[in-house]
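# Chains, contacts and geometry: an overview
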Amino acid sequence: MNASELLYQGKAKSAYLTDDPDLLVLKFRDDTSAFDGEIIEHLSQKGAINNQFNAFIMTLLTKAGIQTHFLERLSSTDSLVKRLDMIPVECVVRNKAAGSLVRRLGIEEGYDFKPPLFELFLKNDTLHDPMISEHHVAAFGWASREEMSQMRDLSLQSNTVLRRIFDEVNLELVDFKLEFGRFNGEIVLGDEFSPDGCRLWDKTTGKKMDKDRFREKLGGVLEAYCEVAERLGIVFDR
Ligand code: ADP
Ligand code: UDP
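Procedures and definitions
Residues numbered from 1 in each chain as written. Chains lettered and ligands numbered in written order. Predicted model: local features only at pLDDT ≥ 70, side-chain atom pairs only at ≥ 80, totals over all residues. Heavy atoms only, no water. Helix = DSSP H or I, 4+ residues; strand = E, 2+ residues; numbered from the N terminus. Rg over C-alpha atoms; globule rule 2.2 N^0.38 Å. Buried < 20%, exposed > 50% of the residue type's maximum accessible area, 1.4 Å probe, protein only. Near = heavy atom within 4 Å. Polar contact = N/O pair within 3.5 Å; in protein donor to acceptor, adjacent residues only side chain to side chain. Phe/Tyr/Trp six-rings, centres within 6.5 Å; stacked < 30°, edge-to-face > 60°. Lys NZ or Arg CZ within 6 Å of the ring centre and 35° of its normal. Expected span 1.5 Å × (residues − 1). Nonpolar A, V, L, I, M, F, W, Y, C, P; charged D, E, K, R; others polar. Core = buried A, V, L, I, M, F, W, Y, C linked by side-chain atoms within 4.5 Å. Contact = heavy atoms within 4.5 Å. Axes fitted to C-alpha atoms, helices over the stretch in contact; angles between N-to-C directions. Parallel < 35°, antiparallel > 145°, perpendicular 65-115°, else oblique. Left-handed = near helix turned anticlockwise from the far one by under 90°. Disulfide = S-S within 2.5 Å. Pairing = 2+ DSSP bridges.

### Examining the overall build of the chain
Along the chain, the regular secondary structure elements total six helices and 14 strands. Its C-alpha radius of gyration of 17 Å places the chain within 12% of the 18 Å reference for a compact globule of 238 residues. In terms of principal-axis extent, the alpha carbons of the chain reach across some 50 × 45 × 35 Å. Within the chain, the fraction of its 238 residues that count as buried is 51%.

### Notes on the site of ligand 1
Around ligand 1, 15 residues are found, and the nearest of them are Tyr8, Lys11, Ala12, Lys13 and His69. Here an oxygen atom of ligand 1 sits 2.6 Å away from a polar atom, N or O, in the main chain of Lys11.

### Concerning the packing of aromatic side chains
Enumeration over the complete set of coordinates arrives at four aromatic pairs. Centre to centre, the rings of Tyr111 and Phe113 are 5.4 Å apart; their planes meet at 65°, and the pair counts as edge-to-face. A relative accessible area of 44% means that Tyr111 is categorised as partly exposed. Owing to a relative accessible area of 13%, Phe113 belongs among the buried residues under this scheme. The rings of Phe166, Phe176 and Phe193 are connected pair by pair, giving a single aromatic cluster. A cation over a ring is seen here: Lys13 above Phe28, with NZ or CZ 5.6 Å from the ring centre.

### Some remarks on helix 6 (residues 221-232)
For helix 6, with 12 residues, the first-to-last C-alpha span of 17 Å sits near the 16 Å given by 1.5 Å per residue. Of the residues flanking the end of helix 6, it is Gly233, one or two places downstream, whose phi is positive at about 85°.

### Observations concerning the side chain of Lys211
On the secondary structure map, Lys211 appears in the loop between strand 14 (198-202) and helix 5 (212-215). Here Ser33 takes part through its backbone oxygen, which lies 2.6 Å from a polar atom of the side chain of Lys211.

### Let's talk about the site of ligand 2
Looking at ligand 2, there are 16 residues lining it, with Arg94, Ser100, Asp175, Arg199 and Arg215 nearest. Arg94 is positioned such that a nitrogen or oxygen atom in its side chain is 2.7 Å from an oxygen atom of ligand 2. One of the side-chain N or O atoms of Ser100 is found 2.6 Å from an oxygen atom in ligand 2. Every element with two or more residues in the shell around ligand 2 is listed here: strand 9 (89-96), helix 2 (100-105), strand 12 (171-183) and strand 14. Its residues placed into classes, the shell around ligand 2 shows four nonpolar, three polar and nine charged.

### Observations regarding the nonpolar core
By size, the foremost hydrophobic cluster in this structure holds 52 residues, and its most contacted members are Phe53, Phe166 and Phe193. Listed by contribution, the elements that provide at least two residues to this core are helix 1 (46-63), strand 9, strand 10 (112-122), helix 4 (145-168), strand 12, strand 13 (186-190), strand 14 and helix 6. If you tally residues by element for this core, the top one is helix 6, at eight residues. Beyond its immediate sequence surroundings of up to four residues, Phe166 is in contact with Phe53, Ile57, Leu171, Leu173, Phe193, Leu200, Val228 and Leu232. Grouped together as the second largest cluster of nonpolar side chains are six residues, Ala15, Leu17, Leu24 and Leu26 included.

### A look at the packing of helix 1 against helix 6
In the contact formed by helix 1 and helix 6, the axes pass within 11 Å of each other and the chain directions differ by 30°. Between helix 1 and helix 6, the angle is such that the two are roughly parallel. Crossing hand, helix 1 versus helix 6: left-handed. Packed against helix 1, whose contacting residues are Lys46, Ile49, Asn50, Phe53 and Phe56, the element helix 6 presents Leu222, Tyr225, Cys226, Val228, Ala229 and Leu232 at the interface. A breakdown of the residues in the contact of helix 1 with helix 6 according to their chemical character gives nine nonpolar, one polar and one charged.

### Some thoughts on the state of the cysteines
Counted by the stated rule, this structure contains zero disulfides. A disulfide-free cysteine, Cys198 has its sulfur positioned 14 Å from the sulfur of Cys226, the nearest such atom. Since its relative accessible area comes to 3%, Cys198 is described here as buried.

### A closer look at the pairing of strand 6 (residues 70-73)
Bridge count for strand 6 against strand 7 (residues 78-82) is three bridges, and the pairing is antiparallel. For Arg73, the partnering residue across the bridge sits in strand 7 and is Ser79. Here strand 6 folds back onto strand 7, and the loop between the two strands holds four residues.

Given below as structure tokens:
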């Protein structure tokens, strides 16, 4: 499948049109951003690592019965996906307190949520992705009530699957963000799942193994991503 015209360029990926109007090529770039694009750096190999990490996770979710946009990995950095009509809402699931939640509610980092917490944010860098509720989603018409309920269920189902997978390799899935879109009238998981969009802590040492290493300038960002991948048995094609 040939990637042709650039459809849009996000902060970390570029989407290209293909000969088939229903399909896109997503190119995972080495750009890494934090704080809604305020800081952008180039981390060599990050695109290839995230593309292959994402392919592994999306395949796993598909096997678990969750419909995703992922079709096939085309190269180290590119994947073929279904072209979705994206819903501009970020679905976040939290098993433990971290990040913006700690700042917003003054709760201790690491507090355990039972059941897991589900939150929504509007995807809008200029407004710094403000927190919204399901009522905002309905009132602004970003998604119907039925679609919203599917996004919530699919996010929580993904959490059950992924939490177990990471637990098996001694990692705590602290939180993560998913994006959904429509394909032929159905809600489908889009975008990516990689250490750029989740928090993973080593269960023994508490070491952060995700993008917080970049946000907090801890160093060893890609080394941590590679270690997570290695524990999961992902073999990289460079
Ligand atoms: P950002 O939008 O946060 O800068 P990216 O650099 O990851 O992020 O850009 C990828 C863009 O592609 C995002 O806007 C995302 O919503 C969109 N996208 C992801 N998957 C699909 C898909 N299957 N179909 C259409 N758009 C998609
Ligand atoms: N997240 C993301 N993209 C965003 C905002 C958040 O991938 O634009 C992820 C983030 O990596 C974390 C989870 O969603 O795993 C929750 O993020 P949080 O609300 O704590 O915000 P942050 O601390 O990233 O500002």
